[in-house]
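Here is how the chains run, residue by residue.
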Amino acid sequence: MATQHTAVVPGTVHLVDVSGAAPAGAKMRDGIQLVPRPSDDPEDPLNWSRGRKMLALAMVVVYTFGTGLPMTLQYSILADITADTGISTATLVEGTGYAFLLLGFGCLFWQPIALTYGRRGVYLVSTLATVPLMVWTAYSKSGGEWFAHRIMLGFFCAPIEALPEVSIPDVFFAHERGAMMGVYVFSLFGSNFLAPLIGGWFNEAYGWKWTMYFGAIFAAVAFIILFFFMEETMYFRQGLEGLEDEQDEIAAAATTTDAGEKGEKSSSSSQTVSESPAAIYVKPTLSQKLAWFRKMDGRPTYQHMLKTMYMPFIYLYQFPIVLWAGFIYGINLCWYQVLNGTASPVLANAPYNWSSGLVGTIYTGPIVGAAIGCYWAGSIADKFTLWLARRNNGVREPEHRLWPLLVTAVLGAIGLIMWGVGAQHHAHWAVLAVGLGILTASVVAGGSVALSYNIDCYKDISGDTTTAVILVRNLMGFAIAYGITPWYTNMGLQNCFIMAGFLALGCTLTFLFMTWKGKDLRRASAERYWKYAAESSSAH
């Protein structure tokens, strides 16, 4: 099967009907082809009503906040935890680095289970496990203990990094993915920015331990909501994205042949040929909907599930685009880590001398910036991609989605330099807040574009390639979490962040190379991709 499709470039799809001559089997909406093509099953998530789809997206947001917020409540209260426990700030930040490391490697365990037995159960286990681990956090007395629960939180919360990137394409079409992925990325970073704001004021009112208890309560409430309202979105469909037109031609040829054979038979026989019975689709019962995991017909084999635990490493080697997407997402995570690693030390000391509550308030800027970045990389990028597809005879190339990075590259550099130089020269706090907001808009947009680009390029193995992207991202996040404190301590805030600003600019501008050579890289990987996609499909 792999050799049959080597001429078809992965990720290149006919998305817009500009000539009014859409393929016979295409399903259209407002002149846009629906990719992937939905089945006739009303329980196919692609066929759900708009309200049901938005509820599914809302549950992804609830999960993301339910685990992401508790994990990051400590960012604005590091000084208070250090004062009470004696654990150094450097150790606390290092523990965050270990959590990010496990957030990446934990995907190797959870993602194959979710792709085989369902997304819902993995979401529920992850959220429920967060509750006791947040309670344990409140009892931390040593660096080793801090490392232990950060590592376990990283492992159990790992689905937050890669599973929503599978759940969203389960439900939404290609032309909608950017906007919906933007909502998820906003939730991911937004929860991480809202947490220090809440944690700071909660700490002032009740102390840092009760702040951790609040995180446990928050996760418990999220678990209850998810248990009753999150639906399973796993669905095994026939065919591969990008081959719809080819499959239509094969089906049309088969239909023509069958019609000819039937005509010959009918001319020599008066017997009536009965039509094949229509497929019968069964609506799941309430008990089936509430089940944590589901054994669906057509699911991957157990052997294939084990194989997907190491496939992300192979994809990083064989698909340069996946490696690059991980790099872009990772470089943006680095600046997010820089923000969290320096906000409390800068603002809690002279000349600002802010309380933990006020330190948390500085995250208002990043929350606003995250919303702007989400809109830029989501709705605006989707519309821009459709515009470029129309200019390209209706054909969408994944590289069309990369152009918003031109703005985020500049914004990232400006935000980093405003924060570092402003802090070095004791600028007004509003300057720092605006700088952080600009930086966050860049970080969120960059991460969202990287994720969407990876999925657009290799949709039918995106469950595994997303894990590969997260591995690269979190390895980079771990490295920067480990090194940010000595970096700015030795270089000074101004020099450190000027260097970071130009690094951000240079790294993000590598997208220009991808707009030039991205399709060539996808074409060169076509044989490998269709082989893996076919193996994944046949394992169902």
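The structure this text deals with has already been given above.
So, here is what we can say about the structure in this document. No experiment lies behind these values; they were computed from the predicted model shown.

Moving on, we come to the overall build of the protein chain. For the protein chain, the helix and strand inventory stands at 23 helices and four strands. The buried share of the protein chain, reckoned over its 540 residues, is 56%. Intrachain contacts of the protein chain at a sequence separation of at least 6 include 84% that bridge at least 24 residues. On the protein chain, roughly 21300 Å² of surface is accessible, and the fraction owed to carbon and sulfur atoms is 65%.

So, on to the packing of helix α15 (residues 320-347) against helix α22 (residues 511-524). Each pair of packed helices can be described by the angle between their axes along with the distance between the axes. Packing of α15 against α22 leaves a shortest axis separation of 10 Å and a crossing angle of 155°. By the angle between their axes, α15 is roughly antiparallel relative to α22. Taken as a pair, α15 and α22 cross one another with a handedness that is left-handed. In this structure, α15 uses Pro-320, Ile-321 and Trp-324 to contact α22, whose residues at the interface are Phe-511, Met-514, Gly-518, Leu-521 and Arg-522. Partitioned by chemical class, the residues of the contact of α15 with α22 number six nonpolar, one polar and one charged.

Per the counting criterion, the structure on display carries eleven salt bridges. Taking the shortest distance from any N to any O, the salt bridge between Arg-52 and Glu-231 comes out at 2.7 Å. Here Arg-52, found in helix α1 (residues 50-71), pairs with Glu-231, found in the loop between α10 (208-229) and α11 (244-268); they are 179 residues apart in sequence, far enough to count as distant. Between Asp-456 and Arg-396 there is a salt bridge; the shortest N-O distance is 3.5 Å. One end of the pair, Asp-456, is in helix α19 (residues 429-457); the other, Arg-396, is in strand β4 (residues 395-396), and 60 residues separate them in sequence. Several salt bridges converge on common partners, so that one network encompasses Asp-382, Arg-396, Arg-401 and Asp-456.

Judged by nonpolar contacts, the single largest core of 133 residues is most densely connected at Trp-335 and Leu-347. The element contributing the most residues to this core is α15, with 16 residues. Split by domain, this core shows at least three residues from each of two domains, domain 1 (51-235) and domain 2 (311-539). In this structure, Leu-347 is in contact with Tyr-352, Asn-353, Trp-354, Val-359, Ile-362, Trp-419 and Leu-432, ignoring residues within four places of it in sequence.

In the structure shown here, the tally under the stated rule is five cavities of 30 Å³ or more. If you add up the space inside the largest cavity, you get close to 150 Å³. Lining the largest cavity we find 18 residues, and of these Met-71, Thr-72, Phe-100, Leu-103 and Asn-192 sit closest to its centre. Where the lining of the largest cavity is concerned, the elements lending two or more residues are α1, α3 (89-105), α7 (159-162), α9 (177-206) and α15. With four residues, the top contributor of residues to the lining of the largest cavity is α3. Split into classes, the residues belonging to the lining of the largest cavity amount to ten nonpolar, five polar and three charged. For the lining of the largest cavity, the domains that each give at least three residues are domain 1 (51-235) and domain 2 (311-539).

A few words on unusual backbone geometry. Non-glycine residue Asn-353 carries a positive phi angle of around 55°. Within the element layout of this structure, Asn-353 appears in the loop between α15 and α16 (356-361). Although it is not a glycine, Asn-393 adopts a positive phi angle of roughly 60°. Inspection of the secondary structure puts Asn-393 in the loop between α17 (364-391) and β4. Residue Asn-393 is classed as exposed on the basis of its relative accessible area, which comes to 60%.

Another point: the state of the cysteines. This model, assessed by the stated rule, comprises zero disulfides. Distance from the sulfur of Cys-334, which forms no disulfide, to the nearest cysteine sulfur (Cys-507) is 8.6 Å. The class for Cys-334 is buried, based on a relative accessible area of 7%.

Before going further, it helps to examine the environment of Thr-91. Considering the arrangement of structural elements, one finds Thr-91 in helix α3. On a C-alpha basis, the gap between Thr-91 and Gly-144 in space is 9.3 Å, while along the polypeptide they are 53 residues apart. In contact with Thr-91, other than residues within four places in its own chain, are Gly-143, Trp-146 and Phe-147. Here Ser-88 takes part through its side chain, which lies 2.7 Å from a polar atom of the side chain of Thr-91.

Looking at where Ala-524 falls in the secondary structure, it is placed in helix α22. Taking C-alpha positions, Ala-524 is 9.3 Å from Phe-319, a pair spaced 205 residues apart along the chain.

Turning our attention to the environment of Pro-112. Looking at where Pro-112 falls in the secondary structure, it is placed in helix α4 (residues 107-117). For Pro-112, a relative accessible area of 1% translates into the label buried. Considering only alpha carbons, one finds Pro-112 and Tyr-302, 190 residues apart in sequence, at a separation of 9.6 Å.

The rules behind the values
Residues numbered from 1 in each chain as written. Predicted model: local features only at pLDDT ≥ 70, side-chain atom pairs only at ≥ 80, totals over all residues. Heavy atoms only, no water. Helix = DSSP H or I, 4+ residues; strand = E, 2+ residues; numbered from the N terminus. Buried < 20%, exposed > 50% of the residue type's maximum accessible area, 1.4 Å probe, protein only. Contact = heavy atoms within 4.5 Å. Areas by Shrake-Rupley, 256 points an atom, 1.4 Å probe, with all protein chains shown as cover. Axes fitted to C-alpha atoms, helices over the stretch in contact; angles between N-to-C directions. Parallel < 35°, antiparallel > 145°, perpendicular 65-115°, else oblique. Left-handed = near helix turned anticlockwise from the far one by under 90°. Nonpolar A, V, L, I, M, F, W, Y, C, P; charged D, E, K, R; others polar. Salt bridge = Lys/Arg side-chain N within 4 Å of Asp/Glu carboxyl O. Core = buried A, V, L, I, M, F, W, Y, C linked by side-chain atoms within 4.5 Å. Domains from an automatic or database assignment. 1 Å grid on protein atoms, 1.4 Å probe; cavity = no way out; pocket = protein on both sides within 12 Å on 5 of 7 lines; lining within 4 Å. Points joined across faces, edges and corners; volume = space filled by probe spheres on them. Disulfide = S-S within 2.5 Å. Polar contact = N/O pair within 3.5 Å; in protein donor to acceptor, adjacent residues only side chain to side chain.

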